[in-house]
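# Structural description and commentary
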Amino acid sequence: MEVDPRLKVTLPGLTMKNPIMPASGCFAFGREYAELFDLSELGAVGIKGTTGDARFGNPTPRVAETPSGMLNAIGLQNPGAQAVRDEELPFLEGYDVPVLANVSGSTPEEYVHVVETLTDAPNVGAFELNISCPNVKEGGIHFGTAPGEAASLTEAVKAVSTKPVYVKLSPNVTDVTAIALAVEAAGADGLSLINTLVGMRIDAKTGKPVLANEKGGLSGPAVKPVALRMIHDIRQVTGLPIIGMGGIQSAEDVVEFLFAGADAVAVGTANFSNPFVCPTIIRELPAWLDQLGMESIGAFREQGVNI
Amino acid sequence: MKNERMIVEQNKSIAAKTHEMTLSGPLVAHLAQPGTFLHVAVPGDDLVLRRPISIAAVDRDAGTCTIVYKEEGEGTKRLSRCRAGDGVDVFGPLGKQGFPAEQPSPGDDVLIIGGGVGVPPLYFAARELAKRGVSVSVILGFQTAAAIFYERAFRELSGCEVRVMTNDGSNGHAGTVIDALNERPSPPDWLFACGPRGMLRAVETHGAHSKTNGYVSLEERMGCGIGVCFACVCETGDRASYRKICRDGPVFRFKEVVI
Ligand SMILES: Cc1cc2nc3c(=O)[nH]c(=O)nc-3n(C[C@H](O)[C@H](O)[C@H](O)COP(=O)(O)OP(=O)(O)OC[C@H]3O[C@@H](n4cnc5c(N)ncnc54)[C@H](O)[C@@H]3O)c2cc1C
Ligand SMILES: Cc1cc2nc3c(=O)[nH]c(=O)nc-3n(C[C@H](O)[C@H](O)[C@H](O)COP(=O)(O)O)c2cc1C
Ligand code: FES
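Residues numbered from 1 in each chain as written. Chains lettered and ligands numbered in written order. Predicted model: local features only at pLDDT ≥ 70, side-chain atom pairs only at ≥ 80, totals over all residues. Heavy atoms only, no water.

### What about the side chain of Lys48 of chain A?
Considering the arrangement of structural elements, one finds Lys48 of chain A in the loop between strand E4 (45-46) and strand E5 (63-66). Among buried charged residues, Lys48 of chain A stands out as having no salt bridge; its nearest opposite-charge side chain is Glu128 of chain A, 11 Å away. In contact with Lys48 of chain A, other than residues within four places in its own chain, are Ser24, Gly25, Ala28, Phe29, Ile74, Leu76, Gln77, Asn78 and Asn102 of chain A together with Phe230 of chain B. (Helix = DSSP H or I, 4+ residues; strand = E, 2+ residues; numbered from the N terminus. Buried < 20%, exposed > 50% of the residue type's maximum accessible area, 1.4 Å probe, protein only. Lys, Arg positive; Asp, Glu negative; His and termini not counted. Salt bridge = Lys/Arg side-chain N within 4 Å of Asp/Glu carboxyl O. Contact = heavy atoms within 4.5 Å.)

### Concerning the packing of aromatic side chains
Residues and elements named next belong to chain A. A complete count under the given rule lists 14 aromatic pairs over all chains for this structure. On the numbers, 6.4 Å between centres and 50° between planes, the contact of Phe37 with Phe276 is tilted. Of the two residues, Phe37 is situated in the loop between helix H1 (31-34) and E4 and Phe276 in the loop between helix H9 (270-273) and helix H10 (277-292); the sequence distance between them amounts to 239 residues. Judged by its relative accessible area of 25%, Phe276 falls in the partly exposed class. (Phe/Tyr/Trp six-rings, centres within 6.5 Å; stacked < 30°, edge-to-face > 60°.)

### A short note on empty space enclosed by the protein
Residue and element names in this part refer to chain A. If you walk through the whole model with that rule in mind, you get two cavities of 30 Å³ or more. Volume-wise, the largest cavity comes out at about 510 Å³. Forming the boundary of the largest cavity are 36 residues, of which Ser24, Cys26, Asn72, Asn195 and Thr196 lie nearest the centre. Listing elements by their share of the lining of the largest cavity, those giving two or more residues are strand E6 (69-72), strand E12 (215-219), strand E14 (264-267) and H9. Here the residues of the lining of the largest cavity are counted per class, giving 18 nonpolar, 16 polar and two charged. (1 Å grid on protein atoms, 1.4 Å probe; cavity = no way out; pocket = protein on both sides within 12 Å on 5 of 7 lines; lining within 4 Å. Points joined across faces, edges and corners; volume = space filled by probe spheres on them. Nonpolar A, V, L, I, M, F, W, Y, C, P; charged D, E, K, R; others polar.)

### Examining the site of ligand 1
Residue and element names in this part refer to chain B. Taken together, 20 residues are adjacent to ligand 1, and Pro52, Lys70, Thr76, Glu219 and Arg221 come closest. At 2.6 Å from an oxygen atom of ligand 1 is found a main-chain nitrogen or oxygen belonging to Pro52. Separating an oxygen atom of ligand 1 from a side-chain N or O atom of Thr76 is a distance of 2.4 Å. Protein coverage of the free-state accessible area of ligand 1, which is 830 Å², stands at 88%. (Near = heavy atom within 4 Å. Polar contact = N/O pair within 3.5 Å; in protein donor to acceptor, adjacent residues only side chain to side chain. Areas by Shrake-Rupley, 256 points an atom, 1.4 Å probe, with all protein chains shown as cover.)

### Structural notes on the UniProt feature "binding site: [2Fe-2S] cluster" (unreviewed entry) in chain B
Here, the residues flagged by UniProt with the feature "binding site: [2Fe-2S] cluster" (unreviewed entry) are Cys224, Cys229, Cys232 and Cys246 of chain B. In three dimensions, the annotated residues from a span of 23 residues occupy one location, with a maximal C-alpha spread of 10.2 Å. Of the annotated set, the members that line the largest cavity are Cys229 of chain B. With respect to the helices and strands, Cys229 of chain B occurs in the loop between strand E13 (213-217) and strand E14 (233-235). Discounting chain neighbours no more than four positions away, the residues touching Cys229 of chain B are Gly25, Ile74 and Phe272 of chain A together with Gly223 and Cys224 of chain B. Its place among the elements puts Cys232 of chain B in the loop between E13 and E14. Take Cys232 of chain B: its relative accessible area is 3%, and that puts it in the buried class. Non-local contacts of Cys232 of chain B, meaning those with residues more than four positions away in its chain, are made with Glu220, Arg221, Met222, Arg243, Lys244, Ile245 and Cys246 of chain B. (UniProt positions renumbered as here; feature names shortened; annotations may be inferred.)

### Looking at the UniProt feature "domain: FAD-binding FR-type" (unreviewed entry) in chain B
Per the UniProt record, "domain: FAD-binding FR-type" (unreviewed entry) is annotated on residues 1-100 of chain B. Regarding residues 1-100 of chain B, the helix share stands at 7% and the strand share at 47%, and the terminal C-alpha atoms are separated by 19 Å.

### Regarding the site of ligand 2
Residue and element names in this part refer to chain A. In the vicinity of ligand 2 lie 22 residues, with Ser24, Lys168, Gly220, Gly247 and Thr269 positioned nearest. Between ligand 2 and Lys168, the relevant distance is 2.8 Å, taken from an oxygen atom to a side-chain nitrogen or oxygen of the residue. In the environment of ligand 2, an oxygen atom lies 2.8 Å from a nitrogen or oxygen atom belonging to the backbone of Gly220. In isolation ligand 2 exposes 610 Å². Once the protein is present, 98% of that is buried. The site holding ligand 2 turns out to be the largest cavity. Tallied by class, the residues present in the shell around ligand 2 amount to six nonpolar, 14 polar and two charged. (Sits in = over half its atoms within 2 Å of the grid points.)

This is the structure we're talking about:
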């Protein structure tokens, strides 16, 4: 595929051919999608949330459908930081694409350990701290809802990371800007949002929750308005780079996120309905720039179109 | 794996709440292994997850494949409303492990056990076996007479002997597929099964024998269908690791995973 130079986006740690990356947890470590298209076409790759040790995750059923969305309660299943370093990241080195390494944990020490293990991997461009996973009991959500804890976690990770650090914010809070400002003050290089919204489904025939974990994280088109609102709100209070996500399915959705104040975007659930959604959006973006009279993706920021 | 808009050639009711859909398109050329499945997008933008449906038959000369699905909820209800000429967005074939229909030799004792909408992938397997001159015994289990489908289709395959069980005895023999399994004089060389979990668990318990090569096809709620989301995992038999049903299966050897 020809690279349109107008799509290029440069963010801390991530030199991207275009503003599109798959969202963490919806692309594993790339091997499966590599059978479908050339991963080098992507702007970056967001890998599955990685913890200190291997995790098996929650009991099944782990997903349930909802109107224009889905709930998931995977429970951060992953092979652990060392296996990701030794077995998964080298595979992605075969492609010309930077990795946004998603880091999860139960304690600040665990986050620090994961970052220490992955920070010298040549293709890890930046870290994304998942302080907002709703699916693990002792999990990161705790860090994502209290500004002080989010800030001290960010500081601890920054102290050991040789790569820029993005903090992935939780939408499950009353004032998302407070958390954003707290992690900015603690040294975050960027923000990414939104993670999933805590939700639930109940089987009307049995009265029981559909998910084995009872509750799960809502994603997909249903959450897009929430994501846009939060990105817009945060853009009013900070100039930090923002990777936006939540319900993106098309190039038109991407343009909405750029207008709201995102610098790049991640596509999650839409990969499940359309496995070729990322390359398709990348192909369609230039026509949007033409139509809007934008010189480049960066122009959304430079021209100050943010509302 | 291909993603393509296939054309509905035919979509008809074949039993209570059960429909058979024939699809055409270049994707058919890629369908080879019984047990593998298609990930079907349901018409309407509000349903974001695809539906996993097994391949029931492939006709390469005609360039068509057939799926059989039961109306369970909104997705399969919408599929049942598709008409000839409509397009359906299909991704597949998915699954790396199907039923090894290429392995049994003519003369081997091959047993197939299917329950309800678990029957379709086994019909594909039986056709492949029949093509290779392998005769098969088939036990089909349904809740009630109205739910029975494909009994005749199996009978029409050469060397295929069919026994139908209904839970309520309204057709064929009263009882479960396990009753029929237990009446057999000797364990089979090959056993392929698909159906509800409880049935598969019982098939493994009653059908496991040192001379039997047993295989079961599993179902789980799926997100991606290709192995990236970890929605459809199950534990390995030794409980030390896991498999993804969508990618590593959906067919597993007896004891390979915990059913
Ligand atoms: C590998 C595999 C092969 C299958 N082959 C067939 C087949 O040949 N014929 C057939 O009738 N059925 C088959 N099924 C089951 C079929 O996928 C479900 O019945 C169907 O998805 C229900 O969709 P719905 O929208 O009607 O139901 P709803 O309950 O409204 O669906 C809601 C969500 O739950 C999921 N879901 C519901 N039931 C199941 C289930 N049993 N397994 C997996 N996901 C489920 C749906 O895909 C959807 O995402 C298969 C399942 C798997 C995993
Ligand atoms: C199945 C699944 C698994 C996910 N796993 C993770 C994860 O490991 N780490 C993380 O930070 N976010 C995870 N997410 C959240 C997504 O990265 C994304 O923030 C969210 O789904 C919203 O985007 P979407 O609507 O495009 O899916 C997961 C989402 C889904 C659907
Ligand atoms: S459905 Fe996503 S891993 Fe199997």
